[in-house]
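# Descriptive structure summary
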Amino acid sequence: MAIVSAFARIKSDIGSECRGFLDSLQGVSTFEINEPDKLGLLIETESLDAAHSMITKDIRTTPGVLGVWPVYVNTEDEQD
């Protein structure tokens, strides 16, 4: 399992809609980070490759998401 924490820059005018959509994605939870137009993401997937795909395809293309930056990765139980 891969656990990735990331920051997302979002459009403030549709921030609540954007957050709702992101929360509906399987394995994705959002949290506040007390910075305007930014949102924290916790992404839990089967592998690091799946997390990368989730970030670049599902999260990055969500309406209102301007950018996503991973800041922490834990894959200690993955096999090489």
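Let me sum up the structure you'll find in this document. Note that this is a predicted model, so its numbers are computed, not measured.

This next bit is on the nonpolar core. Counting residues in hydrophobic clusters, the biggest one holds 17 residues, and the most contacted among them are Leu22, Val28, Leu41, Ile43, Ile59 and Val68. Of all the elements in the fold, those that place two or more residues in this core are β1 (2-10), α1 (15-24), β3 (38-45), α2 (48-59) and β4 (65-74). Aside from chain neighbours lying at most four places away, what touches valine 68 is Ala6, Phe7, Ala8, Leu41, Ile55, Ile59 and Arg60.

Attention now goes to the sheet that holds β1. Taken in spatial order, the four strands of this open sheet run β2-β3-β1-β4, and their pairing is antiparallel. If you trace the sheet from one side to the other, it starts and ends with β2 (28-31) and β4, each paired once. Strand-to-strand twist in this sheet, taken as the mean axis angle between neighbours without regard to direction, amounts to 25°. Of the strand pairs in this sheet, β1 and β4 are connected by eight bridges, and their pairing is antiparallel. What sits directly across from isoleucine 10, in β4, is valine 65. Most of the contacts of α1 go to β2, to which it runs at about 145°, and overall it touches β1, β2, β3 and β4. α2 contacts β1, β2, β3 and β4 of the sheet and is inclined by roughly 140° relative to β3.

So, how was this worked out
Residues numbered from 1 in each chain as written. Predicted model: local features only at pLDDT ≥ 70, side-chain atom pairs only at ≥ 80, totals over all residues. Heavy atoms only, no water. Core = buried A, V, L, I, M, F, W, Y, C linked by side-chain atoms within 4.5 Å. Buried < 20%, exposed > 50% of the residue type's maximum accessible area, 1.4 Å probe, protein only. Helix = DSSP H or I, 4+ residues; strand = E, 2+ residues; numbered from the N terminus. Contact = heavy atoms within 4.5 Å. Pairing = 2+ DSSP bridges. Axes fitted to C-alpha atoms, helices over the stretch in contact; angles between N-to-C directions.

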